[in-house]
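# Structural features, examined
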Amino acid sequence: MPLSTAPCLALLYIFALTLVARSVYSWRREEFRDCNQTPFCKQARAAKPTHDKYEVFEVALINGDLHAKILPLSTENGEPSTPLSLELLFYSDQIIRLKINELHDPSDESKRNRFEVPNVIENTLHGKRLRIRSVEKREKMSIVSLASDLEIVLQHKPFEIYVRDDKDRILSFNNKGLFYFEQRRQKGEGDDWTERFRTHTDSRPRGPQSISFDVTFHGADHVYGIPEHATSLALKYTRGPEITSEPYRLFNLDVFEYIEESPFGLYGSIPFMLSHSAARSTGFFWLNSAEMLIDVLAPGWEGDDVNRREVHESDNIDTQWMSESGIVDVFFFVGPKPKDLLRQYTSVTGLPNMPQHFATAYHQSRWNYKDEADVLKVDGAFDENDIPYDVLWLDIDHTEGRRYFTFDKSLFPNPKEMQQKLANKGRHMVTIVDPHIKRDDGFFVHKEATSKGYYVKDAHGRDFDGWCWPGSSSYPDMLNPEVQKWWAEKFSFNNYVGSTPSLYIWNDMNEPSVFNGPEVSMPRDSVHHGDVEHRDVHNVYGYFFHMATADGLLQRSGGKDRPFVLSRAFFAGSQKVGAVWTGDNTAEWDHLQVSVPMVLSLGITGLSFVGADVGGFFGNPDPELLTRWYQLAAYYPFFRAHAHLDTKRREPWLFGEPYTSYIRDAIRERYALLPYFYTLFREANLTGVPIMRPLWMEFPDEEMTFAMDKEWMVGNSLLIHGVYAEGSTSESVYLPGQGLWYELKTGNSFPGGDYIKVPVSMSAIPMFQRGGTIIPRRERPRRSSSQMVDDPYTLVIALNNAHEAEGEIYIDDGKTFNFAEGAYIHRKFTFSQGSLKSSGINGQRNGKVFTSSSLIERIVILGLELPITSHATVEPGNRRIELEVGSLLLRPGMQSNAYILRKPNVLISEDWSIKVL
Ligand SMILES: *[C@@H]1O[C@H](CO)[C@@H](O)[C@H](O)[C@H]1NC(C)=O
């Protein structure tokens, strides 16, 4: 949650007044810097493209990497004209890495090494290095050929790097001549390096050190990615003729009341951009955790020199990247298809982790469930209303004066018993643990952190002291590995008194949010471990905090159980750690709609376990909006309802009928689809491909889908179209591809490749299963997901035009890491020539085993044309079962015209086949 209601300390009366003013629903734009108020951004945007600023020399192949130096040809403002170092590194899967840095000068101690971000690049990447044997040197360029149809060209003068296949350029770096690397310099007489913003002063003792450059995505129709912004999936031009927008900003901020349609920075940052066209998808990632701004340049922008373009090129997208500090450490990915990019990107930054099964179900949160009685009442009401849920969340007010790792003794006198009561129903609890530590000498966390010197320091070397929920607070220095370890230990059952094994954690405010800091965050001249300034690590702080928390949960279980930690701040790599949500949204239709491109953008940049607060954090949704939100959110990868302290209660049953039933149906639909979702979580865990996908990820050739924000795919089989307007009675749904689609409500099929008009009622949003797919479901309503473990399955087979279909199911113990040692069931179902087969998907099955005695109790076949007298035969056993025709009740209100095989009773874990005759 952000700042919104006063902590009410008489001492800070004036501060309290500003808080009250802020609780009006409006975004306080003036609290955040824009490009003009950010000197390095203003300077980079004003720079004229030039091709005679840098020259490459001393190109050499060393240990299979290409090394060179870049000489600045003209310098300004006392900047040194020392050469920069350049390295080109190559990895399997055609991944290319470029590093540009200041040359390390051991004799100049005043020059610290520029910051390089740790803990993001996978250790395994090193093993994927390709050593290049030869470089072709020409007069003006050096060429490395990476594959028969892939070359990297380092042009010496003017300095430029590009990747090309046998026909065209794919990606270019400094094609437009915007490269600028501001080397650190001695402070001269009269140099004033301080920067001021509102009442804040940044002393900038190390002076200017910004970097900017341009990247061209050749042949691209659109660019995507670089979350987090509350805006469309396909990024918009930010600069060019008649376009005056702020650049997309990557700077982790606790933005109060963010608005939809804005390039301003939000809680997390992933500096990874993708481009897509029917011909090729490409990607570009800059590993840099300082403030970053990115312009998407419209054709005809001032540096767009049409004469310099190569002959075949028309659809290029130029972008300009600007950062306050750090180094150039960038990766080029050449696809060629969207899913290839995800594989390539996650081989650099890590695959998404595999969550515990319960975490993929429905979560109920609110600021705040007040006390134990409230918790048990809400828990009981779910049962009374026959609505499943898995996790109940406690926000900041469950603590003793906002000292995390404590429970308020008067409100929560028996936290263990309370957790146990939920655990008895197979449910879990989550409590919040934020990074601001109350500066209270009686608080053990503060005492330890102070005595060990574990806090981030201010510019004067004292423990940084900022204002946050508990009042005066300090922040553990998560850059320090020792602090990470210490922090993780705080989650042991001994340290976290009142916690039990069914308790998991939520990290909020980890941008970090500092109420009285510049832009509600930490001053950039604060100092971290290793004498690193906060400006260098700002965007990665929240990720390290998230990581240390997850490590704590891992250790707490003796390394046995998969952690679950939700975080608001994130960076590239956060997918390795846990889930993320889109922060403090509002109960408005626009926010429901923008949640879709926001979650999609995170998915395509590797972070697949994501959702938005159902209902909107601020404000009060009316029953229709809340219902529509549940109906859509049931298909977010992370499904949690949450609400601000000042909002009215809105648990699913509070609006009465018919809404309670609609919401119950939506939540039950998620539970029915849990086998499918869990299989998709595993797919993400193995391939990086997200659970929630833009249509173009599944239909890369379909230009109609490239800028679509209102519908998306869950996996490769389900198409969801949200309803984003009040009173909608029909929706225009685009069905991509050439194949068939089945509306699950009616069983009707439609050919792809066109818009169809679908009537909608309040009972559900449009959802279609793609012909050619098989989806595993579980139809028996239970209280929580853990009570479904032994339940039988239903397979829904949607045939394509060739009367074929296939699908998968992945199952494991839902809790431990045994799956990594082979303890799982992974089956493939194929339907062809009238026969359904189940066969094992081979993984590395060494050692541990997982078994299940669950049966398949029903098979639904859509799109089959057969005589009415048909039956089916099950093998092994040569058992005959009847085939029923007609309408089937999948869910109340969902009737499908289908063939149904009842009680085939084959095991989910075994090989079998069923022939329909
Ligand atoms: C999958 O998730 C597990 C557990 O979260 C993680 O250790 C592993 O690296 C991930 N990727 C693969 C390929 O197993």
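All residue numbers refer to positions counted from 1 along the written sequence of the respective chain. At least 70 in pLDDT is required for a residue's local features to be given in this predicted model, at least 80 for side-chain atom pairs to be given and counted, and no such filter applies to totals for whole chains, interfaces and linings, which use all residues. Only hydrogens and water are set aside when side-chain values are computed; all heavy atoms of the structure are taken into account.

## Digging into the overall build of the chain
Inclusion rule: Helix and strand assignments come from DSSP, with helices taken as H or I runs of at least 4 residues and strands as E runs of at least 2, each series counted from the N terminus. Think of it in three bands: residues with accessible area under 20% of the maximum for their type are buried, residues over 50% are exposed, and the middle band is partly exposed, with areas taken using a 1.4 Å probe on protein chains only. By the convention used here, residues are in contact when the closest approach between their heavy atoms is within 4.5 Å. Using a 1.4 Å probe, the Shrake-Rupley method yields the accessible areas, and only the shown protein chains count as cover for residues. By the counting rule applied here, Lys and Arg register as positive and Asp and Glu as negative, while His and the ends of each chain are not counted. Lys charges are placed at NZ, Arg charges at CZ, Asp charges at CG and Glu charges at CD.
Helix and strand counts for the chain come out as 13 helices and 53 strands. When each of the 917 residues of the chain is scored for burial, the buried share is 65%. Once local pairs closer than 6 in sequence are excluded, the contacts in the chain between residues at least 24 apart make up 73%. Only carbon and sulfur atoms are counted for the fraction: they give 50% of the accessible area of the chain, which is about 31,900 Å². Here the chain carries 99 positive and 122 negative side-chain charges, and the mean point of each set is 4 Å from the other.

## Some details on the packing of aromatic side chains
Selection rule: Only Phe, Tyr and Trp rings take part, Trp by its six-membered ring, and two of them pair if their centres are within 6.5 Å. Stacked means planes under 30 degrees apart, edge-to-face means over 60, and tilted covers everything else. The criterion is that NZ of a Lys, or CZ of an Arg, lies within 6 Å of the ring centre and within 35 degrees of the ring normal, and then a charge sits over that ring.
Within this structure, the stated rule accounts for 55 aromatic pairs. Each ring, one from F285 and one from Y345, has its centre 5.4 Å from the other, and the planes form 90 degrees; the classification is edge-to-face. Of the two residues, F285 sits in strand β19 (residues 281–286) while Y345 sits in helix α3 (residues 338–349), which places them 60 residues apart along the sequence. Of the residues examined, F285 reaches a relative accessible area of 0% and is grouped as buried. By the ring-pair criterion, three or more aromatic residues cluster together here, those being Y54, F159, F173, F179, F213, F284, W286, W321 and F332. One Lys or Arg, R640, reaches over the ring of W581 and ends 4.9 Å from the middle of that ring.

## Points about the pairing of strand β49 (residues 855–862)
Each regular strand displays side chains that alternate between the two surfaces of the sheet. Definition in use: A pair of strands is labelled paired if DSSP reports no fewer than 2 bridges between them.
Of all the eight residues making up β49, seven are buried; the element is thus mostly covered by neighbouring parts of the structure. As paired elements, strand β45 (residues 793–798) and β49 share six bridges and run parallel to each other. Note on β49: the bridge partner recorded for V796 is V860.

## With respect to the sheet that holds strand β41 (residues 749–751)
Note: strands within a sheet are paired through backbone hydrogen bonds, in either parallel or antiparallel orientation. Taken together, six strands build an open sheet; the order of strands is β36-β37-β38-β43-β40-β41 and the sheet is antiparallel. Strands at the two margins of the open sheet, each flanked by one partner only, are β36 (692–693) and β41. Two strands pair when backbone bridges link them, and strand β40 (residues 740–743) and β41 are joined in this way by three bridges, in the antiparallel orientation. Its bridge partner being in β41, L740 is matched across the sheet by P751.

## Examining α3
Note that an α-helix has 3.6 residues per turn; residues three or four places apart therefore point the same way. For clarity, the threshold we go by: By this rule, a helix spans an expected 1.5 Å times one less than how many residues it contains.
The first and last C-alpha atoms of α3 sit 17 Å apart over twelve residues, in line with the 16 Å expected at 1.5 Å per residue. In terms of residue burial, α3 counts as a mostly covered element, since ten of its twelve residues are buried. All buried positions along α3 are accounted for by P338, D340, L341, L342, Q344, Y345, T346, S347, V348 and T349. Phi turns positive one or two residues past the end of α3, at G350, with a value near 105 degrees.

## What to know about the state of the cysteines
In a disulfide, the sulfur atoms of two cysteines are held together by a covalent bond. What counts here: In this description, the term disulfide denotes a pair of cysteine sulfurs within 2.5 Å.
This structure, assessed with the given rule, holds one disulfide. For C35, the disulfide goes to C41, at an S-S distance of 2.1 Å. Because the torsion about its S-S bond is -105 degrees, the bridge between C35 and C41 counts as left-handed. A single burial state applies to C35 and to C41, both of which are buried.

## As for the site of the ligand
As a reminder of what qualifies: For this purpose, a residue is taken to be near a molecule or strand whenever a single non-hydrogen atom of the residue falls within 4 Å of it. Polar contacts, as used here, are pairs of N or O atoms within 3.5 Å; protein pairs need one atom able to donate a hydrogen and one able to accept it. Residues neighboring in sequence count only if both atoms are side-chain atoms. Computed over the protein atoms alone on a 1 Å grid, cavities are sets of points where a 1.4 Å probe fits but cannot get out and pockets are open sets with protein on both sides within 12 Å along at least five of seven lines; a residue lines them when it has an atom within 4 Å of a point. Think of it this way: if more than half of a molecule's atoms are within 2 Å of a pocket's grid points, that molecule is in the pocket or cavity. All residues other than Ala, Val, Leu, Ile, Met, Phe, Trp, Tyr, Cys, Pro, Asp, Glu, Lys and Arg, Gly among them, are scored as polar; the first ten of these are nonpolar and the last four charged.
Taken together, L351, P352, N353, M354, R682, N685, F817 and F819 are the residues near the ligand. Separating an oxygen atom of the ligand from a backbone N or O atom of M354 is a distance of 3.0 Å. Side-chain polar atom of N685 to an oxygen atom of the ligand: 2.4 Å apart, as the coordinates give it. In isolation the ligand offers 350 Å² of accessible surface; the protein chains occlude 62% of this area. The site holding the ligand turns out to be the largest pocket. When its residues are assigned to classes, the shell around the ligand shows five nonpolar, two polar and one charged.

## Regarding the sheet that holds strand β27 (residues 466–468)
Within the open sheet, the three strands sit side by side as β26-β28-β27. Their pairing is antiparallel. With one partner strand each, in any of the chains shown, β26 (437–438) and β27 form the two edges of the open sheet.

## A closer look at the side chain of T627
Topologically, T627 is positioned in helix α10 (residues 623–633). Leaving out residues up to four positions away in the same chain, T627 has contacts with Y659, Y662, I663 and M762.

## Some details on the layout of surface pockets
For clarity, the cut-off: Grid points are joined across faces, edges and corners, and a volume is the space filled by probe spheres set on the points.
In this structure, the largest pocket encloses a volume near 730 Å³. Every residue lining the largest pocket is counted, 29 residues in all, and those nearest its centre are E122, L351, N353, K576 and V577. Going through the elements one at a time, α3, α8 (534–556) and α12 (674–687) are the ones with two or more residues in the lining of the largest pocket. When residues of the lining of the largest pocket are assigned to their parent elements, the largest contribution, five residues, is made by α8. For the lining of the largest pocket, the residue count by class is 15 nonpolar, eight polar and six charged.

## Quick look at empty space enclosed by the protein
Empty space left among the atoms is revealed by rolling a probe the size of a water molecule over them. Taken as a whole and assessed by the stated rule, the structure comprises nine cavities of 30 Å³ or more. In this structure, the largest cavity encloses a volume near 120 Å³. Elements with a contribution of two residues or more to the lining of the largest cavity: β11 (195–197) and β12 (200–202). Looking at side-chain class alone, the lining of the largest cavity contains four nonpolar, two polar and seven charged residues.

## Description of the packing of α10 against helix α11 (residues 659–672)
We apply this condition: All axes here are fitted lines through C-alpha atoms, helices being fitted over the stretch that makes contact, and every angle between N-to-C directions spans 0 to 180 degrees. Orientation categories follow fixed angle ranges, with anything under 35 degrees roughly parallel, anything over 145 roughly antiparallel, 65 to 115 roughly perpendicular, and all other angles oblique.
Packing of α10 against α11 brings their axes to within 8 Å, and their N-to-C directions diverge by 10 degrees. Overall, the two elements α10 and α11 adopt an arrangement that is roughly parallel. In this structure, α10 uses P623, E624, L626, T627, Y630, Q631 and A633 to contact α11, whose residues at the interface are Y659, Y662, I663, A666, I667 and R670. In terms of residue class, the contact of α10 with α11 is made up of nine nonpolar, two polar and two charged.

## So, the domain arrangement of the chain
Applied cut-off: Just so you know, the domain bounds were taken from an automatic or database domain assignment. When two parts are brought into contact, each loses some accessible area as probed by a 1.4 Å sphere; the total of that loss over both is the buried area. Salt bridges are defined as contacts in which a side-chain nitrogen from Lys or Arg sits within 4 Å of a carboxyl oxygen from Asp or Glu.
Taken domain by domain, the chain comprises domain 1 (42–226 + 270–349), domain 2 (357–434 + 476–517 + 536–666) and domain 3 (724–916). With 26 residues of domain 1 in contact, the opposing surface of domain 2 contributes 24 residues. Three residues stand out in domain 1 for area buried against domain 2, namely N119, I270 and S289, and they jointly supply 32% of the buried area on that side. Here domain 1 and domain 2 share one salt bridge between them. With its nearest N and O atoms 3.3 Å apart, the salt bridge here joins K576 to E122.

## Some remarks on the pairing of strand β21 (residues 317–323)
Most of β21 is tucked away: seven of the seven residues are buried. Burial along β21 is two-sided: I317, T319, W321 and S323 and D318, Q320 and M322, pointing in opposite directions, are all buried. Sheet topology note: the strand β13 (residues 211–217)/β21 ladder contains seven bridges and is antiparallel. Bridge pairing links S212 to M322 in β21.

## Brief notes about the nonpolar core
Across soluble globular proteins, nonpolar side chains show a tendency to be buried alongside one another. Rules: Within this scheme, the nonpolar core is defined by two criteria: the residues are buried Ala, Val, Leu, Ile, Met, Phe, Trp, Tyr or Cys, and they are joined through side-chain atoms within 4.5 Å.
W487 and F564 are the most contacted members of the largest nonpolar core, which has 205 residues in total. Looking at which element gives the most residues to this core, the answer is α8, with ten residues. For F564, the residues in contact, after removing those within four places along its chain, are F358, A359, H363, W393, V430, Y504, I505, L553, A579, F609 and F638. Within the second largest apolar cluster, 50 residues are counted, among which are L171, F181, F213 and V296.

## Remarks on the side chain of S281
For S281, the position within the fold is in strand β19. Separated by 2.7 Å, the side chains of S281 and H276 make a polar contact. Discounting residues that sit within four places of it in the chain, S281 has contacts with S275, H276, V334, G335, P336, K337, P338 and L341.

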